[in-house]
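In case you want the letters, here they are:
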Amino acid sequence: MLCELNHQVVCIDTDTAKLKQLKSNRIPFHEPGLEELLNRHLSRGSLSFTSDTGQGVRESDILFITVGTPSKSDGSTDLSQIKNVAETIGSNQNGYKVVVNKSTAPVGTCEKVHRWILERQPRKLPVDVVCNPEFLREGKALYDALHPDRVVIGAENGKAARFIRNLYDAISCPKMMTGLRTAELIKYSANAFLAMKISFINEIGRLCDAHGVDVTDVATGIGLDSRIGSRFLKAGIGWGGSCFPKDLASLVHMFEQADLSPRILEAVRQVNDTQVEYYLRQLEERLGDVRGKTISILGIAFKPDTDDIREAPAIKVIQALHKKGAFLKAYDPVVFIHRAPTGLPVTLCSEMSETFEDSDCIFLLTEWKNFLHFDWKSHRHRMRTPLIIDGRNALDQNALTQYGYIYYGIGRVYSKLASL
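**Student:** How should the overall build of the protein chain be read in this particular structure?
**Tutor:** Looking only at helices and strands, one finds 16 helices and 13 strands in the protein chain. In terms of overall dimensions, the protein chain is globule-like: its C-alpha atoms have a radius of gyration of 24 Å, near the 22 Å expected for 420 residues. By principal-axis analysis of the C-alpha atoms, the protein chain measures approximately 75 × 45 × 40 Å. For the protein chain, the proportion of contacts with a sequence separation of at least 24, taken over those separated by at least 6, is 71%. Carbon and sulfur atoms make up 51% of the accessible area of the protein chain, which amounts to about 20,600 Å² in all.

Have a look at this one:
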């Protein structure tokens, strides 16, 4: 994104194997549009890669910290990677630097970064730390980077804040200038609110099941309210990925450290944590005991257009069904190409059509486009039991029913009004 805004960018990493891939114009993960962008800026010379951290620090004016911040067992955030980077910057600092933390980290982290840098400086040098959180969706990261809803810049020094704001001059969106701690909390609050919307509509979906109401109509009806909005109101098997689970855990930990009770956040997590269990009950109500049955999983990634399987609902479904004695097959158009998950008790299929053969249930868990546009009609006869569990409420319920499938999606009933 910074290259697209005509800035010169050097990427520093200690993983030499990854750097070799990138220098050869190969992206080590799946993200639409990135490979073309990488090739363009490598050719132009506006993007380069190095494992020489000292040189990278010395030759840069602005240093972005973009490392992992995983959860610890108690829900707190592991800041060791951020600390290592901060200390490396301090050890190699040769003049004024602006250090920008983009890694999601608890309130007060940027102040720690400033201290860690100063503690490692060989001589006293000026440095400002800025918080510039990212709000990117996996699978849509490139678009979000170039068309953000807002840019948040947290700083205590106005000069440093303006310095970073100037990087985004070419992007037309609100630029919000705040203090460091405010910017840090904005990131967590945004993710928590989105997770809350998903868990809310999922809980409403359960009530829709009980009363024969279509949750898609309910979501449309409330989403048309401008105060609520329609995004993140699609009922399904729940959220996963690397951000929501760890960010909610970290936010809950921050509440507890402040001697506060995060009751809404706990409820958000509880609904999501039990959503797979709810779906499995629906499956067993329709199929009976799954022991010895063949269940096919469509989609392993936690969402389409990514190969990320961290906290993916599919993994939880596979593990739960395996414990119940089911035989499992799985197909994903991207995950098994870019990474090979180890330890999954499934038979991998090379084509989607293979999942239908002698299957007692097709369980859709990632709404890849090719799944939605597949010729479902022609393959129904290959199944032993034509049961479809739609974990994303993404398939055409009426069409599948006409083809002879038994369909279940949370809170899905035929809407007479929709046909008028």
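Having put the structure on the table, let's press on.
**Student:** Sorry, what's going on with the pattern of salt bridges here?
**Tutor:** Any two side chains of opposite charge can pair, on the condition that their charged atoms come close. Per the counting criterion, the structure on display carries 17 salt bridges. The partner of E284 in a salt bridge is K324, with the nearest N and O atoms 3.3 Å apart. With E284 in helix α12 (residues 275-287) and K324 in the loop between α13 (313-323) and β9 (327-331), this residue pair connects regions lying 40 residues apart in the sequence. A relative accessible area of 27% means that E284 is categorised as partly exposed. On the accessibility criterion, K324 (31% relative accessible area) is partly exposed.

**Student:** Sorry, what's going on with the packing of helix α4 (residues 80-92) against helix α5 (residues 109-120) here?
**Tutor:** A pair of packed helices can be characterised by two numbers: the angle between their axes and the separation between those axes. At a minimum axis distance of 7 Å, the contact between α4 and α5 shows a crossing angle of 40°. Relative to α5, the element α4 lies oblique. Of the two possible hands of crossing, α4 and α5 adopt the one that is right-handed. The residues of α5 that touch α4, namely those facing I82, K83, A86, E87, I89, G90 and S91, are T109, V113, W116, I117 and R120.

Thresholds applied
Numbering of residues begins from 1 in every chain and follows the order in which that chain's sequence is written. Note on the predicted model: pLDDT of at least 70 is required for a residue's local features to be given, and 80 or more for side-chain atom pairs to be given and counted; whole-chain, interface and lining totals, by contrast, use all residues. The basis for every side-chain value is the complete set of heavy atoms in the structure, and neither hydrogens nor water enter the calculation. Counting from the N terminus, the helices are the DSSP runs of H or I reaching at least four residues and the strands are the DSSP runs of E reaching at least two. Based on C-alpha atoms, the radius of gyration is set beside the globule rule, defined as 2.2 Å times the residue count to the power 0.38. Residue contacts are counted whenever heavy atoms from the two residues lie within 4.5 Å of one another. Accessible surface is estimated by sampling points in the Shrake-Rupley manner with a 1.4 Å probe; for residues, cover comes only from the protein chains shown. Each salt bridge in this description consists of a side-chain nitrogen of Lys or Arg and a carboxyl oxygen of Asp or Glu lying within 4 Å of one another. The rule is simple: take the accessible area with a 1.4 Å probe, protein chains only, and divide by the maximum for that residue type; under 20% is buried, over 50% is exposed, in between is partly exposed. What counts as an axis is a line fitted to C-alpha atoms, over the stretch in contact for a helix, and the angles between N-to-C directions run from 0 to 180 degrees. Working rule for angles: under 35 degrees goes down as roughly parallel, over 145 as roughly antiparallel, 65 to 115 as roughly perpendicular, anything else as oblique. The crossing is said to be left-handed when, going from far helix to near helix, the turn is anticlockwise and less than a right angle, and right-handed when the turn is clockwise.

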